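Next come the chains, spelled out residue by residue.
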Amino acid sequence: MKIPRYNHRSQFTDLTATTEKIRHTLATGDYILGDTVAHFERRFADYLGATHAIGVNTGTDALTFALTALGIGAGDEVVTVANTFHATALAITTVGARVVLVDCEPDTYLMDLDALDAACGPRTKAILVVHLFGRSLDMGRVTAIAARHQIPLVEDCAQAVGATWNNQRVGTFGAAAAFSFHPSKNLAAAGDAGALVTNSPVIAHTVRTLRGLGQDGQDNHVTLGANSKLDAIQAIVLDAKLDQLDTWNADRRTIAARYTHALTHPDITTPPPSEDPGDHVYHLYQVAVPHRDAVLAQLRSDGIDAVVRYPVPIHHQPAFARHGFDGKYPHAENQATRTLCLPIRPDLSPAEVDFVCDRLTTAITDSEEALA
Ligand SMILES: *Cc1c(COP(=O)(O)O)cnc(C)c1O
């Protein structure tokens, strides 16, 4: 049995209708912004319960624009978490600010909020939280910390589109939020795409200016900006999928529950249960196992597309070698060395889940015997 991580064909309930819209756009030449992009931006903002969504090239650009719009630059510090995707930390350095890392929790692998609180100092100009793996942070605590220190909050929602905290969608708690529609994410474009979401008309206006080469009105470049606009063709793809997102996220939860129920081997640590039903959209289903690399190799040779997210935390990445991180991040390191992600596409069948559980349990038993 082959268990791939993605099934992109299954994400189009009506592929003919979507290709027809794309054919129409190809013929009309309305490729850049226009009604198609505006329509998706409106629907995506409404879906989240936010006032503005601005379509950009990537989630990375959305993060960079969020920080730029908040006026963050040289001499400023932004606090984020040590175990995240490179793009989170990259955006901070792109605007010229210093990355301040904090460790994660040992069980959820989400940012340690006591550490966040302690890391906020006079130079901290933003808090950049990451809803890693699709699980929402405790946004009650996060917003309280941000409010107490009077520091703007930015959410990296690249992995958590559709997740809620207390029935409020992630991406609506802070000054701005970044979403990615990379084909691997829960809402996937047919290539790179992203969005910045905000309730602030000022930030929205600034980001619309930034994504369009700093133009505010024809030939009036008020800032340098960048060229980063969501393509109309990507907006068509995203618009076609948005209605199913909640169903897919519910399917992911069902699959996660089946994994957690079946993975009873005492050496497998499954994700801790969610506090409320909406707070995890299982972009990734992560387990901690002994002899991780041997177990991963075994799963892969069994045809199971398991992966490690992420094997190298930010403070060990060569790109940040000159940054001189001096903190200790033992839980992030633990997560990097002991965990792996099992396939969790919405259309994974119960039989496929059971097969993965069976092979994982066998792989662990085998690796323990080999090392005994
Ligand atoms: C995917 C991802 C990004 C970057 O998104 P792109 O669209 O690939 O630029 C940022 N942060 C996290 C946590 C991600 O998973």
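This text follows the structure it describes.
Residues numbered from 1 in each chain as written. Predicted model: local features only at pLDDT ≥ 70, side-chain atom pairs only at ≥ 80, totals over all residues. Heavy atoms only, no water.

Novice: Any chance you could explain the site of the ligand here in plain terms?
Specialist: With respect to spatial proximity, 15 residues lie near the ligand, and among them Gly59, Thr60, Asp156, Ser180 and Lys185 are the closest. Here an oxygen atom of the ligand sits 2.5 Å away from a polar atom, N or O, in the side chain of threonine 60. Calculation on the ligand without its partners gives an accessible area of 380 Å², and the protein chains cover 93% of this total. Breaking the shell around the ligand down by element, the ones donating at least two residues are α3 (59–69) and α4 (86–94). When its residues are assigned to classes, the shell around the ligand shows six nonpolar, seven polar and two charged. (Near = heavy atom within 4 Å. Polar contact = N/O pair within 3.5 Å; in protein donor to acceptor, adjacent residues only side chain to side chain. Areas by Shrake-Rupley, 256 points an atom, 1.4 Å probe, with all protein chains shown as cover. Helix = DSSP H or I, 4+ residues; strand = E, 2+ residues; numbered from the N terminus. Nonpolar A, V, L, I, M, F, W, Y, C, P; charged D, E, K, R; others polar.)

Novice: Just to check I follow, could you spell out the pairing of strand β10 (residues 285–288) for this structure?
Specialist: Two faces, one strand: in a regular strand the side chains alternate between the faces of the sheet. The alternating pattern of β10 places Tyr285 and Val287 and Gln286 and Ala288 on opposite faces, both of which are buried. Bridge count between β10 and strand β11 (residues 339–342): four bridges; the pairing is antiparallel. By the bridge assignment, tyrosine 285 is partnered in β11 with leucine 342. (Buried < 20%, exposed > 50% of the residue type's maximum accessible area, 1.4 Å probe, protein only. Pairing = 2+ DSSP bridges.)

Novice: It is not clear to me how the nonpolar core should be interpreted in this structure. Could you clarify?
Specialist: Generally speaking, a soluble globular protein has its nonpolar side chains buried in company with each other. In terms of nonpolar packing, the biggest core is built from 61 residues, with Leu67, Ile127 and Leu196 touching the most fellow members. For this core, the domains that each give at least three residues are domain 1 (8–242) and domain 2 (245–370). The contact partners of isoleucine 127, leaving out residues within four places of it in the chain, are Val79, Leu116, Cys120, Ile145, Ala146, Ile151, Pro152, Leu153 and Val154. Of all hydrophobic cores here, the second largest spans 28 residues; its members include Ala50, Phe179, Ala232 and Leu242. (Core = buried A, V, L, I, M, F, W, Y, C linked by side-chain atoms within 4.5 Å. Domains from an automatic or database assignment. Contact = heavy atoms within 4.5 Å.)

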